[in-house]
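Single-letter residue listing:
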Amino acid sequence: MASSLLSSSANPCYSATKLPTPSSRAPAPRFAHGLSAAAVRASPRAPRLCALARNIRASQQQPRRPEYVPNRIDDPNYVRIFDTTLRDGEQSPGATMTSAEKLVIARQLARLGVDIIEAGFPASSPDDLDAVRSIAIEVGNTPVGEDGHVPVICGLSRCNKKDIDAAWEAVRHARRPRIHTFIATSEIHMQHKLRKTPEQVVAIAREMVAYARSLGCTDVEFSPEDAGRSNREFLYHILEEVIKAGATTLNIPDTVGYNLPYEFGKLIADIKANTPGIENAIISTHCQNDLGLATANTLAGARAGARQLEVTINGIGERAGNASLEEVVMAIKCRGELLDGLYTGINSQHITLASKMVQEHSGLLVQPHKAIVGANAFAHESGIHQDGMLKYKGTYEIISPDDIGLTRANEFGIVLGKLSGSHAVRSKLAELGYEISDKEFMDFFKRYKEVAEKKKRVTDEDIEALLSDEIFQPKVIWSLADVQATCGTLCLTTATVKLIAPDGEEKVACSMGTGPVDAAYKAVDQIIQIPTVLREYSMSSVTEGIDAIATTRVVITGDVSNNSKHALTGQSFNRSFSGSGASMDVVVSSVRAYLSALNKMCSFAGIAKASSEVHESASVQSKE
């Protein structure tokens, strides 16, 4: 009876127990929907519930992650998770991240248990090459978790030697480096974009995969771009040739999100059945979300035989984005019995923190109704739903919030106030899953005390907003000292801003504007004097109440495009930079966000300029 209950689609996939945090004693086991072990034993249905609990625990005990071998997986049910948040995700407008931010996210992806981290497109800019190299050196050589997992570090390249050389230079420092190279294979791409014949495309792909292997890289992934619209027989042929040349993973992209799930599943099945030598490579999927089908297509591909799934945190990426890691992973975890027993090595309790971290660093907010990680994903407002939840959580929840690391100390998440000391605050940070240095904590604690003096209750959301504003910020070049604004219907709107320059000098400017934020931004522009265009501006309150912390996000653009190239087109583009700020004062919050974006722009421009100067110096020396 218990087994049939577990396999029924009506039953949720709640974890049997909540994993203890390092700083706390393990809680008493709690079975599905919060039933404690004591409550189960005391229940009149104790034998049945205990059997159910045992089966739930057994269902959570998945095999260990198989040892990594580039072109095979010893367990046919294991699915590799390839995260491209730092590459395809960063191609979203406004999602440009600094090297330091990418490194922080890469560390979190490693803790999450991602098998392969596509850290960037090294040939796109000197900054991206440096970022991928840093990730390869640190994250690519540091074991994490109980099993000592070390992720593969991958760099993207087009099918040309210059790109492949840059990718290898960046990833070769990792314990497990991978080069990912691609070329378009659909008729529309070959004719209008590449302007090459199918025979020429096959020759280029074969030569470049072989070149990547010749550099000493034993793990090479090949992608036939726009495979979802490519001729099947041509696909089988080019995949056969790159396997012969040494490709270990064959990634099948639905580049424009065109396929329906049954089409994409059949595409993967046909490739598996008709490509000579396919047993010597791993089939992968990469699904875009233009029709909102990326997750469905990815799961269809997995069921058809793909054993690597390319995803991004929060589903970010070009246009409508990519398949969402959290959706794909939790669907496999929750409905594994209908996916032939597939499983991943992902520690899902790190999902919530990874989602928040990517939001902060990319500047791309998750909509409230986003599956798994949206603010409303575990909210119940309907009276009927609330009634069902009060009686039994399984009536309307198929996933436990604990499964994705979404925990609160109590119903309101209120545990701290102005009298709380540093030890209590540090413990709360550990409970929420944040690890920061002593210096970062002292900076954060100062901001916390300022807010706690003004608010009666400091919630978990307040803490996370302050932490993001204080810690998740780019390198400080210009910092805010003071801001004063005067506005209203009886006077001209003015703002005075004092900034601290990189050399420590204080600079002050005053300006008028259509409102206090406009006036403050114009004052900042007078001081910094960098031509920018404000593309996006948004503000939201972290919690309810008139004393809520305001979080502001902005996206700006400037003339820093010379050293940035698009991964797919190779064209230079004008980068956009996002920034975030938090404060109980909306003007202060807005200025903090604007400075955050400007600091990213200044940092990127400085790196690009330095790299250009080094290149010019090297050219002069070579001529001499």
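The structure this text deals with has already been given above.
Residues numbered from 1 in each chain as written. Predicted model: local features only at pLDDT ≥ 70, side-chain atom pairs only at ≥ 80, totals over all residues. Heavy atoms only, no water.

1. Focus on the overall build of the chain
What counts, and what does not: Think of it this way: any DSSP run of H or I at least four residues long counts as a helix, any run of E at least two long counts as a strand, and we number them from the N terminus. Exposed residues in this analysis have more than 50% of their type's maximum accessible area, buried residues have under 20%, and partly exposed residues fall in between, with area computed by a 1.4 Å probe over protein chains only. Residue contacts are defined here by distance: any two heavy atoms, one from each residue, within 4.5 Å place the two residues in contact. Note on areas: Shrake-Rupley with a 1.4 Å probe; residue coverage comes only from the protein chains shown.
The helix and strand tally for the chain stands at 19 helices and 16 strands. Split into buried and exposed, the 624 residues of the chain put 53% on the buried side. Sequence separation of 24 or more characterises 67% of the internal contacts of the chain that already satisfy a separation of 6 or more. Looking at the chain as shown, the accessible area adds up to about 28100 Å², and 53% of this sits on carbon and sulfur atoms.

2. What about the nonpolar core?
Going by this rule: In this description, a nonpolar core means a group of buried Ala, Val, Leu, Ile, Met, Phe, Trp, Tyr and Cys residues linked to one another through side-chain atoms lying within 4.5 Å.
The biggest cluster of nonpolar side chains holds 110 residues, and the ones touching the most others in it are L112, I153, F222, I252, I271 and F444. In this view, I153 contacts I117, A119, I135, A136, V139, G140, V171, A174, R176, P177 and R178; residues no more than four positions away in its chain are not counted. Listed in part, the 29 residues of the second largest apolar core include A519, A523, V587 and A593.

3. A short note on the environment of A501
Topologically, A501 is positioned in the loop between β12 (494-500) and β13 (506-512). Considered as a pair, A501 and S479 are 22 residues apart in the sequence and their alpha carbons are 7.0 Å apart. Discounting residues that sit within four places of it in the chain, A501 has contacts with I477, W478 and K507.

4. Examining the pattern of salt bridges
Which entries qualify depends on this criterion: The rule for a salt bridge is simple: a side-chain nitrogen of Lys or Arg has to be within 4 Å of a carboxyl oxygen of Asp or Glu.
If you walk through the whole model with that rule in mind, you get 32 salt bridges. Residue E118 pairs with R87 through a salt bridge whose shortest N-O separation is 3.2 Å. Here R87 lies in the loop between β1 (80-83) and α4 (99-112) and E118 lies in strand β2 (residues 116-120), a separation of 31 residues in the sequence. Take E118 and R87: they sit in the same class, and that class is buried. Between D482 and K498 there is a salt bridge, with its nearest N and O atoms 3.7 Å apart. Residue D482 is found in strand β11 (residues 479-486), and its partner K498 is found in strand β12; the two are separated by 16 residues along the sequence.

5. Quick notes on a nonpolar patch on the surface
In plain terms, the rule: Patches here: salt-bridge-free residues with over 30% relative accessible area, like charges joined within 9 Å, nonpolar side chains (Val, Leu, Ile, Met, Phe, Trp, Tyr) joined within 5 Å.
Residues L534, Y537, M539 and V586 make up a contiguous nonpolar surface patch of about 320 Å² in total accessible area. By residue number, the principal contributor to the nonpolar patch is strand β14 (residues 533-541), which donates three residues. Tracing the backbone shows M539 in strand β14.

6. Thoughts on the sheet that holds strand β15 (residues 550-557)
Let me state the cut-off plainly: Any two strands with at least two DSSP bridges between them are considered paired. Orientation is described by lines fitted to C-alpha atoms, with helices fitted over the stretch in contact, and by angles between N-to-C directions that extend from 0 to 180 degrees.
Strands sit in the order β14-β15-β16 across an open sheet of three strands; the sheet is antiparallel. Whereas interior strands pair on both sides, the edge strands pair on one side only; in this sheet they are β14 and β16 (576-583). Between one strand axis and the next, the sheet turns through 15 degrees on average, direction left out of account. Note that β14 and β15 share eight bridges and pair antiparallel.

7. A look at the state of the cysteines
Formally: Any cysteine sulfur atom paired with another within 2.5 Å is treated as part of a disulfide.
Enumeration according to the criterion identifies zero disulfides in this entry. The thiol sulfur of C491 is not disulfide-bonded, and the nearest other cysteine sulfur, from C487, lies at 6.9 Å.

8. Re the pairing of β2
Most of β2 sits out of view: five of its five residues are buried. Of the strand pairs in this sheet, β1 and β2 are connected by two bridges, and their pairing is parallel. The residue bridging F82 from the neighbouring strand is I116, located in β2. The sheet contact formed by β2 and strand β3 (residues 152-158) spans four bridges and is parallel. Bridge pairing in β3 places E118 opposite C154.

9. Things to note about the packing of aromatic side chains
Just so we agree on the cut-off: Geometry of aromatic contacts follows a simple scheme: Phe, Tyr and Trp rings, the Trp one being its six-membered ring, pair when their centres are within 6.5 Å, and the pair is stacked under 30 degrees between planes, edge-to-face over 60, tilted otherwise. Here, over-ring charges are defined by two tests on the NZ atom of lysine or the CZ atom of arginine: distance to the ring centre within 6 Å, and angle to the ring normal within 35 degrees.
Within this structure, the stated rule accounts for four aromatic pairs. A centroid spacing of 5.2 Å and a plane angle of 70 degrees characterise the contact between Y78 and Y343, whose relative ring orientation is edge-to-face. Within this pair, whereas Y78 is found in the loop between α3 (46-60) and β1, its partner Y343 is found in the loop between α12 (325-334) and α13 (351-362), the two being separated by 265 residues in sequence. When sorted by exposure, Y78 lands in the same class as Y343, which is buried. With centroids separated by 6.5 Å and ring planes inclined at 70 degrees, the aromatic side chains of Y521 and Y537 adopt a geometry described as edge-to-face. Placement of Y521 in helix α18 (residues 516-528) and of Y537 in strand β14 is noted, with a sequence separation of 16 residues between them. An aromatic cluster of three or more residues is present, and its members are Y521, Y537 and Y594. A cation sits over an aromatic face here: R426 above F441, 4.2 Å from the ring centre.

10. Things to note about helix α8 (residues 198-214)
Owing to its 3.6 residues per turn, the α-helix brings residues three or four apart onto one side. The condition is simple: For a helix, the expected span equals 1.5 Å multiplied by the residue count minus one.
Over its 17 residues, α8 runs 24 Å from end to end, which matches the ideal 24 Å to within 8%, given 1.5 Å per residue. Along α8, the positions that sit buried rather than exposed are V201, V202, A205, M208, V209, Y211 and A212.

11. Quick word on the packing of helix α6 (residues 161-171) against α8
Definition in use: Each angle gets one of four labels, with under 35 degrees taken as roughly parallel, over 145 as roughly antiparallel, 65 to 115 as roughly perpendicular, and the rest as oblique. If you view the pair so one helix is near and one far, a crossing is left-handed when the near helix is turned anticlockwise from the far one by less than a right angle, and right-handed when it is turned clockwise. For this scheme, ten residues count as nonpolar: Ala, Val, Leu, Ile, Met, Phe, Trp, Tyr, Cys and Pro. Four count as charged, namely Asp, Glu, Lys and Arg, and the remainder, Gly too, count as polar.
In contact at an axis separation of 10 Å, α6 and α8 are set at 30 degrees when each is read in the N-to-C sense. When the axes of α6 and α8 are compared, the pair comes out roughly parallel. Relative to α8, the crossing made by α6 is right-handed. For the pair α6 and α8, the contacting residues are K161, I164 and D165 in the first and E207, M208, Y211 and A212 in the second. Across the contact of α6 with α8, the residue classes break down as four nonpolar, no polar and three charged.

12. Some points on the pairing of strand β7 (residues 282-287)
Quick note on the threshold: Crossovers are marked right-handed if the path from the first strand over the helix to the second runs clockwise, as seen with the strands pointing away from the viewer.
Counting buried positions along β7 gives six out of six residues, so the element sits mostly inside the fold. The alternating pattern of β7 places I282, S284 and H286 on one face and I283, T285 and C287 on the opposite face, and all of these are buried. Judged from the six bridges that link them, strand β6 (residues 249-254) and β7 form a sheet pairing that is parallel. What sits directly across from L250, in β7, is I283. Handedness of the β6-helix α10 (residues 261-274)-β7 crossover: right-handed. Bridge count between β7 and strand β8 (residues 308-311): three bridges; the pairing is parallel. By the bridge assignment, T285 is partnered in β8 with L309. A crossover connection joins β7 to the parallel β8 through helix α11 (residues 294-304); in handedness this β-α-β unit is right-handed.

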